[in-house]
Amino acid sequence: LLDISKIKSELGTPEWRNGDSVAYMRMVMENYRAYSRQKQIELRFIPAETVIMMDFVPEYFCKITRNLLSNAFKYTPKGGSILVTMKQKEERLMLCVTDSGMGISKEDIPNIFNPFYQGVNSKEGLSTGIGLPLVRQIVESMGGDINVESMPGKGTTFTVSLPLKHGSTAWKAWTTE
């Protein structure tokens, strides 16, 4: 709740950086390798380019990914798969998280970004209804948007679109060190 409140009120000053978003995503994805083996879910990261330079807030980028992956793992059964892709499309970064999980009903899709909403497929006690609203707030605060496509019984794809440049400021460089 504090994260949503902080983003909405813009109390915190985001620490914008410029760097390779593919390298950053590789680091984030490494944190999920052991978990995916433990859950027996195939996790793949396939960037279309080896380097995509962009302005981003590392903390926000991590929270977006962590929340989307958390949902994907929560609703994907043992033996399933999660695919994360990244590509540059014109002046935007396109980040997709696709799972082979239970999917989201058509009735639930319009509400999943509302705080505290838990849909008909929500696993009892596993969701607070905060993650996706937080992701949307973060994405919008970075000048982007998020969309979802889902088919019950087949899986879900979340697509995050973010601008590669944020204003005309030369942001401090992000490095892996």
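To start, this report covers the structure provided alongside it. (Residues numbered from 1 in each chain as written. Predicted model: local features only at pLDDT ≥ 70, side-chain atom pairs only at ≥ 80, totals over all residues. Heavy atoms only, no water.)

### Things to note about the environment of threonine 159
This is how the line gets drawn: Only DSSP runs of H or I covering at least 4 residues are called helices, and only runs of E covering at least 2 are called strands; the numbering of each starts at the N terminus.
Relative to the assigned elements, threonine 159 resides in strand 7 (residues 155–163). For the pair threonine 159 and leucine 68, spaced 91 residues apart in sequence, the C-alpha to C-alpha distance is 9.9 Å.

### Considering the nonpolar core
Going by this rule: What we call a nonpolar core is a set of buried Ala, Val, Leu, Ile, Met, Phe, Trp, Tyr and Cys residues that are connected through their side-chain atoms within 4.5 Å. Residue exposure (1.4 Å probe, protein chains only): buried if accessible area is under 20% of the type maximum, exposed if over 50%, otherwise partly exposed. Pairs of residues are marked as contacts when any of their non-hydrogen atoms sit within 4.5 Å.
Grouped together as the largest cluster of nonpolar side chains are 44 residues, with contacts concentrated most on Phe61, Ile64, Leu68, Leu69 and Phe158. A per-element tally of this core places helix 4 (residues 58–75) first, with eight residues. Those residues in contact with leucine 69 that lie beyond four places of it in its chain are Met29, Tyr32, Leu43, Ile82, Val84 and Val97.

### Notes on the side chain of serine 161
The cut-off we apply is this: Polar contacts, as used here, are pairs of N or O atoms within 3.5 Å; protein pairs need one atom able to donate a hydrogen and one able to accept it. Residues neighboring in sequence count only if both atoms are side-chain atoms.
Among the structural elements, serine 161 can be located in strand 7. Its relative accessible area of 7% is what places serine 161 among the buried residues. Only 2.5 Å separates the side chain of serine 161 from the side chain of arginine 92, close enough to count as a polar contact. Sequence-distant contacts of serine 161, defined by excluding residues within four places in its chain, comprise Arg92, Leu93, Met94, Val139, Gly144 and Asp145.

### Some details on the packing of helix 2 (residues 21–30) against helix 4
The condition is simple: Only C-alpha atoms enter the line fits that serve as axes; for helices the fit covers just the stretch in contact. Angles between N-to-C directions range over 0 to 180 degrees. Roughly parallel means an angle under 35 degrees; roughly antiparallel, over 145; roughly perpendicular, 65 to 115; everything else is oblique. Helix crossings get a hand from a simple test, with the near helix turned counterclockwise from the far one by less than a right angle marking a left-handed crossing and a clockwise turn marking a right-handed one. Note on residue categories: nonpolar means Ala, Val, Leu, Ile, Met, Phe, Trp, Tyr, Cys or Pro, charged means Asp, Glu, Lys or Arg, and polar means any other residue, Gly included.
Following both chains from N to C, one finds helix 2 and helix 4 inclined at 50 degrees, their axes separated by 11 Å at the closest point. The angle between helix 2 and helix 4 falls in the class oblique. Of the two elements, helix 2 crosses helix 4, and the hand of that crossing is right-handed. Between helix 2 and helix 4, the contacting residues are Ser21, Tyr24, Met25, Val28 and Met29 on the first element and Pro58, Glu59, Phe61, Cys62, Thr65 and Leu69 on the second. Within the contact of helix 2 with helix 4, the residues separate by chemical class into eight nonpolar, two polar and one charged.

### Things to note about helix 2
Threshold: Of all possible arcs, the one meant is that of the directions from the helix axis to the C-beta atoms.
All of the buried residues along helix 2 are Ser21, Val22, Tyr24, Met25, Val28 and Met29. Projected down its long axis, helix 2 shows its buried positions confined to an angular sector of 155 degrees, all on one face. For helix 2, the N-terminal cap is aspartate 20; the gap from its side-chain oxygen to the backbone nitrogen of valine 22 is 3.0 Å.

### Let's talk about the packing of helix 4 against helix 5 (residues 131–141)
Packing of helix 4 against helix 5 leaves a shortest axis separation of 9 Å and a crossing angle of 150 degrees. On the basis of their axis angle, the class for helix 4 and helix 5 is roughly antiparallel. Crossing handedness for the pair helix 4 and helix 5: left-handed. Residues Tyr60, Lys63, Ile64, Asn67, Leu68 and Asn71 of helix 4 form the contact with helix 5, whose participating residues are Gly131, Leu132, Leu134, Val135, Ile138, Val139 and Ser141.

### Regarding the packing of aromatic side chains
To be explicit about the condition: The pairing test for Phe, Tyr and Trp rings, Trp by its six-membered ring, is centres within 6.5 Å, and the orientation test on the planes gives stacked under 30 degrees, edge-to-face over 60, and tilted for anything in between.
What the rule picks out here adds up to nine aromatic pairs. Arranged with centres 5.4 Å apart and planes meeting at 55 degrees, the rings of tyrosine 24 and phenylalanine 56 form a pair that is tilted. Taken together, the residues span a long stretch of sequence, with tyrosine 24 in helix 2 and phenylalanine 56 in strand 3 (residues 53–56) at a distance of 32 residues. The exposure classification of tyrosine 24 matches that of phenylalanine 56, with both residues buried. Aromatic rings pair up to connect Tyr24, Phe56, Phe61 and Trp174 into one cluster.

### What about the pairing of strand 7?
Note on strand geometry: in a regular strand, side chains alternate between the two faces of the sheet. Basically, it comes down to this: When DSSP finds two or more bridges between two strands, those strands count as paired.
Along strand 7, seven of the nine residues are buried, which leaves the element largely enclosed by surrounding structure. Taken together, the eight bridges between strand 5 (residues 92–99) and strand 7 define a ladder with antiparallel strand orientation. Residue methionine 94 lies in a different strand from strand 7, and its bridge partner there is serine 161. One ladder, built from seven bridges, connects strand 6 (residues 145–151) with strand 7; its direction is antiparallel. In the strand pairing of strand 7, glutamate 149 is matched with threonine 157. Here strand 6 folds back onto strand 7 in antiparallel fashion, the turn holding three residues, of which glycine 153 has a positive phi close to 85 degrees.

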